[in-house]
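Listed below are the residues making up each chain.
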2 protein chains.
Amino acid sequence: MKINSNFLNLKDSYLFSTVGRKTAEYKEAHPDKKVIRLSIGDVTRPLAPAVIEAMHRAVDDMSRKETFKGYGPDRYCYGYEVLIDSVKRSYARKGVSLESSEVFISDGAKSDLGNILDLFAQENTVLVPDPVYPVYVDTNIMAGRKILFADATAENGFLPMPDFKVDADLIYLCSPNNPTGAAYTREQLAEWVRYAREKNAVLLYDAAYEYFITDPALARSVYQIEGAKECAIEFCSYSKTAGFTGVRCGYTVVPHALVREGTPLNKLWARRQSTKFNGVSYITQMGAAAVFTEEGEKQIAENLGYYRENAKIIADCLDELGIFYTGGKNSPYIWMKCPYNMDSWTFFDFLLEKANVVGTPGSGFGKNGEGFFRLTAFGTREDTAEACSRLKTVLKK
Amino acid sequence: MKINSNFLNLKDSYLFSTVGRKTAEYKEAHPDKKVIRLSIGDVTRPLAPAVIEAMHRAVDDMSRKETFKGYGPDRYCYGYEVLIDSVKRSYARKGVSLESSEVFISDGAKSDLGNILDLFAQENTVLVPDPVYPVYVDTNIMAGRKILFADATAENGFLPMPDFKVDADLIYLCSPNNPTGAAYTREQLAEWVRYAREKNAVLLYDAAYEYFITDPALARSVYQIEGAKECAIEFCSYSKTAGFTGVRCGYTVVPHALVREGTPLNKLWARRQSTKFNGVSYITQMGAAAVFTEEGEKQIAENLGYYRENAKIIADCLDELGIFYTGGKNSPYIWMKCPYNMDSWTFFDFLLEKANVVGTPGSGFGKNGEGFFRLTAFGTREDTAEACSRLKTVLKK
């Protein structure tokens, strides 16, 4: 028996474990200090009441013979039509029309972003931005693919544009971006669509944070760009939109118009999912179906507004301190330049010791992350405000 | 961009769609007839009250800031310890001791049976029984692996034993088996363990139906066999055990002692899951954690007993008719020889027309399934008894 030796090429990721260890050590040495974590990429607000009610009803359905649900419906790879219809309505409001069979309900964008790679040959070349969500890189290392990086830097606002001299087959874009918070305009994204079409490549578009966008110049879906249905797969998530990180639900769009080597990728993905997946809990799907209702949207807007206000508090603080950053608007992430030319880990230690604030060192996301630092808007209002007040104290010149 | 051309080698599966179409056509042509489906592999009994209560409590937890849960715990690949502990207790009752880090909580055995293949090189040779759960074959076709078949026939009681002249690297065993209902004794399974150890192969042991076993001579876990921890991965599911087909939860055991080419497979699987998976809903996990409690086990035993009694009714009927079958005891499936040497589809049509009973043609599960027919115990008591009474009428000599 031979193992998949590509796994041996994976680097151990110590980023979040080192952040955790250093934080724990500091707290143990200083039990009197109140340490505030602005490092978390996880939500803290409870689920919307409309979602809770829908889930209780679904649990009750499972308790009675007459309303009990077994395997999800075959027709759309185990997705319930009520949920798929709500996703289509959400897209329609962005000006994007989808067919039901183009929407695949999943247990989250992370699973689909990894599993989608089953559809592609090993010999494709992958292009990922740097810094980057590590999952894009690791899943392709596991598959033994050649990986190229597109530099995201302060100079390009952490939004790399296509280089037509570079040939890539699979391109990951995440907008609004994790970790940089930067988001592509429609014009910028149109360039990527032009690149993908010219190269016969496929864009893997991670739209997990699109609900944070309020600026109409920014794209909320890659399909708002003409021609994208012929070259892009879009990954969406209820995790940050509706606080579903612990509930696990997302949806992936594979348009029928996306055809490579004469084969519709929609058909391949349907076959992959019907063979290696068995759908998402009925209870979860009913909860998710309550998100994009009038009542649900009103309620999640409150939570999103809460996080956006947190982001604004951090952004205003950095503006006041004259520190360069991306994100903060249209994104739950704030990607700041480390002051005094500190490297990422030096600034981590500085901030932990001087301000008792924890963030994530940018170098953990790739070489271009060195000298940068990620803060998130997912904390409580009180913690966020207090952390900013401490930042001002320790960083004011 | 190149697609994974192995997908083009997949055969379209028309088995269940043809069963569905023929049934629908018959019903449309004969609206007055009451057609009974003994073809379904899906459960029909509602969830146990202990599970329902636990899920309602978990939904309430998600509604309050103080008890809200985001991403599952990192420590055991997003599995909650209360659930992992309950799985360990269930194993302990079978005489198998596991460490928490050997138990991986998943969204179902089907997902894990497919995804586990990420760990193995493409050039491994796979051995699957025939007839077989089609997922074992299709997932390996997608990966471009060479597949060998082990013949399961009436002569070996549909329980193929290892042929030491055949070299295989990955061996699928499913016991109690889908579709044949046949289950290995501990002695038989010990031969497979001996084979796997001698060949340095890995057994992929699908134990989804183990809770139907009552005969102590039969293995309920591959780890009841000495030496299995060094050569086997076991896939378990709450689907049939506790009616979770629509809830989606299972668990996979990858022992630390299972090492190939110097690499512990447990470490590879943990890396795979932490990279391409984000855990199972907190609500689902809390529901599942209620299954292996004193109260939960008492309640699921009632449902299992209901299905077992259905299986017995069918088995008694076939005994009375003098028809050969496997399963029916220690299994929810009954695998019968088609009478009068009919082939599988001829018998399907015969039974539909003469008795208005629907089953699944055995030929859909592989070449050795030709001439056989699968009935399931997952219907209602009334339907099962009525179907058997009709079988007796149309098949009595």
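Everything quoted here is computed from the prediction, not taken from an experiment.

All right, on to the overall build of chain A then. Secondary structure assignment for chain A yields 12 helices and 15 strands. Rg of the C-alpha trace for chain A: 21 Å, near the compact-globule value of 21 Å for 397 residues, within the 12% margin. If one aligns the C-alpha atoms of chain A with their principal axes, the spans along those axes are about 60 × 55 × 50 Å. In chain A, which comprises 397 residues, the proportion classed as buried is 56%.

Right, let's talk about the interface of chain A and chain B for a bit. Contact residues are listed per partner, giving 64 residues for chain A and 64 residues for chain B. Broken down by class, the residue content of the side of chain A that touches chain B amounts to 27 nonpolar, 21 polar and 16 charged.

Turning our attention to the relation of the copies chain A and chain B. Once chain A is rotated about the relating axis by 180° and shifted along it by 0.0 Å, it coincides with chain B to within an RMSD of 0.0 Å. Here the transformation between the copies is reduced to the relation of a two-fold axis. Minimal C-alpha separation from the rotation axis in chain A is found for A:H56, amounting to 3.1 Å. When the interface residues of chain A are mapped onto chain B, 100% of them again fall at the interface, so both copies present the same face.

Once that is clear, we can look at the domain arrangement of chain A. Residue and element names in this part refer to chain A. Partitioning chain A into domains gives domain 1 (5-46 + 295-395) and domain 2 (49-293). Computed over C-alpha atoms, the centres of domain 1 and domain 2 are 26 Å apart. Taken together, the contacts link 35 residues of domain 1 with 41 residues of domain 2. The set of elements that each furnish at least two residues to the side of domain 1 that touches domain 2 consists of helix 10 (294-321), strand 11 (325-327) and strand 12 (333-337). Among the elements that take part in the side of domain 1 that touches domain 2, helix 10 stands out by supplying 8 residues, more than any other. Looking at the side of domain 1 that touches domain 2 residue by residue, the classes come out as 12 nonpolar, 15 polar and 8 charged.

Sheets are built from strands that pair by backbone hydrogen bonding, the pairs being arranged parallel or antiparallel. Residue and element names in this part refer to chain B. An order of 2-8-7-6-5-3-4 is seen for the 7 strands of this open sheet, with the pairing classed as mixed. The two strands at the open ends of the sheet, each matched to only one other strand, are strand 2 (103-106) and strand 4 (146-151). Averaged over all neighbouring strand pairs, the angle between strand axes comes to 20°, with direction disregarded. For strand 5 (residues 170-174) and strand 6 (residues 202-206), the ladder comprises 5 bridges, and the chain directions are parallel. Bridge pairing in strand 6 places I171 opposite L203.

Residues and elements named next belong to chain B. An order of 11-12-15-14 is seen for the 4 strands of this open sheet, with the pairing classed as antiparallel. Edge positions in the sheet fall to strand 11 (325-327) and strand 14 (360-361), since each of these pairs with one other strand and no more. Sheet analysis places strand 12 (residues 333-337) next to strand 15 (residues 372-376), joined by 5 bridges and oriented antiparallel. Directly across from W335, in strand 15, lies its bridge partner R374. With respect to the sheet, helix 10 (residues 294-321) is in contact with strand 11, strand 12 and strand 15, its orientation differing from that of strand 12 by roughly 15°.

Turning next to helix 12 (residues 381-395) of chain B. The terminal C-alpha atoms of helix 12 of chain B, which comprises 15 residues, lie 21 Å apart, in line with the 21 Å expected from a rise of 1.5 Å per residue. In this structure, the buried residues of helix 12 of chain B make contact with strand 1 (36-37), helix 10, helix 11 (344-355) and strand 13 (357-358) of chain B.

Right, let's talk about the packing of helix 10 of chain A against helix 12 (residues 381-395) of chain A for a bit. Residues and elements named next belong to chain A. The geometry of helix 10 relative to helix 12 is characterised by a closest axis approach of 10 Å and an angle of 5° between their N-to-C directions. The angle between helix 10 and helix 12 falls in the class roughly parallel. For the pair helix 10 and helix 12, contact is made by Y306, N310, I313, I314, C317, E320 and L321 and by R381, T384, A385, C388, L391, K392 and L395, respectively.

In this section: helix 6 (residues 186-199) of chain A. All names here are of chain A. Between its first and last C-alpha, helix 6 extends 20 Å over 14 residues, near the 20 Å set by a 1.5 Å rise per residue. Among all positions of helix 6, only Q188, L189, W192, V193, Y195 and A196 are buried. Viewed end-on, helix 6 has its buried residues packed into an arc of 160°, placing them on one side of the element. Among the exposed residues of helix 6, those pointing more than 90 degrees away from its buried face are E187 and E198.

What follows covers the pairing of strand 7 (residues 232-237) of chain A. Residue and element names in this part refer to chain A. Burial runs high along strand 7: 6 of the 6 residues are buried. Relative to strand 7, strand 6 (residues 202-206) runs parallel, the two being bridged by 4 bridges. Within strand 7, the residue paired with L204 across the bridge is I233. In the sheet, strand 7 pairs with strand 8 (residues 250-253) via 4 bridges, with the strands oriented antiparallel. Within strand 8, the position partnered with S237 by the bridge is G250.

So, about the pairing of strand 6 of chain A. Here is the key point about a regular strand: its side chains alternate between the two faces of the sheet. All names here are of chain A. With 5 of 5 residues buried, strand 6 lies mostly within the body of the structure. By the alternation rule, side chains of strand 6 split into V202, L204 and D206 and L203 and Y205, which are all buried. For the segment spanning strand 5 (residues 170-174), helix 6 and strand 6, crossover handedness is right-handed.

Now for the environment of A:I116. Residues and elements named next belong to chain A. Along the chain, I116 falls in the loop between helix 4 (109-115) and strand 3 (125-130). Once the C-alpha coordinates of I116 and L204 are considered, the two residues, 88 residues apart in sequence, prove to be 9.1 Å apart. Beyond its immediate sequence surroundings of up to four residues, I116 is in contact with L204 and I233.

In this section: the packing of helix 2 (residues 49-61) of chain A against helix 9 (residues 282-289) of chain A. Residues and elements named next belong to chain A. Close contact between helix 2 and helix 9 brings their axes to 8 Å; oriented N to C, the two are set at 150°. Considering the angle they form, helix 2 stands roughly antiparallel to helix 9. Judged by the sense of rotation from one axis to the other, the crossing of helix 2 with helix 9 is right-handed. Residues V51, A54, M55, R57, A58 and V59 of helix 2 form the contact with helix 9, whose own contacting residues are Y282, I283, M286, G287 and A289. Each residue belonging to the contact of helix 2 with helix 9 can be placed in one class, and the counts come to 9 nonpolar, 1 polar and 1 charged.

Once that is clear, we can look at the confidence of the model for chain A. As a note on interpretation, predicted positions should not be read in detail where pLDDT is low. Within chain A, residue pLDDT values average 97, and 100% of them lie at 70 or more. The ipTM assigned to the predicted complex is 0.97, against a pTM of 0.97.

This part covers the environment of A:D42. Among the structural elements, A:D42 can be located in the loop between strand 1 (36-37) and helix 2. Between the alpha carbons of A:D42 and A:F378 there is a distance of 6.5 Å; along the sequence they are 336 residues apart. Those residues in contact with A:D42 that lie beyond four places of it in its chain are A:T245, A:F378, B:G70 and B:Y71.

The peptide bond linking A:D130 to A:P131 adopts the cis configuration, its omega dihedral lying at 5°. Geometrically, the link from A:S175 to A:P176 is a cis peptide bond, its omega value of -5° lying close to zero. Structurally, A:P176 can be placed in the loop between strand 5 and helix 6. Although it is not a glycine, A:N200 adopts a positive phi angle of roughly 60°. Structurally, A:N200 can be placed in the loop between helix 6 and strand 6. We note that B:E261 has phi near 50°; this positive angle belongs to a residue other than glycine.

Scoring rules and cut-offs
- Residues numbered from 1 in each chain as written.
- Chains lettered and ligands numbered in written order.
- Predicted model: local features only at pLDDT ≥ 70, side-chain atom pairs only at ≥ 80, totals over all residues.
- Helix = DSSP H or I, 4+ residues; strand = E, 2+ residues; numbered from the N terminus.
- Rg over C-alpha atoms; globule rule 2.2 N^0.38 Å.
- Buried ≥ 20, exposed ≤ 12 C-beta atoms within 10 Å, placed from the backbone.
- Contact = placed C-beta atoms within 7 Å.
- Nonpolar A, V, L, I, M, F, W, Y, C, P; charged D, E, K, R; others polar.
- Least-squares fit on C-alpha atoms with pLDDT ≥ 70 in both.
- Domains from an automatic or database assignment.
- Pairing = 2+ DSSP bridges.
- Axes fitted to C-alpha atoms, helices over the stretch in contact; angles between N-to-C directions.
- Expected span 1.5 Å × (residues − 1).
- Parallel < 35°, antiparallel > 145°, perpendicular 65-115°, else oblique.
- Arc of directions from axis to C-beta.
- Right-handed = clockwise from strand over helix to strand, strands pointing away.
- Left-handed = near helix turned anticlockwise from the far one by under 90°.
- pLDDT = per-residue confidence, 0-100.

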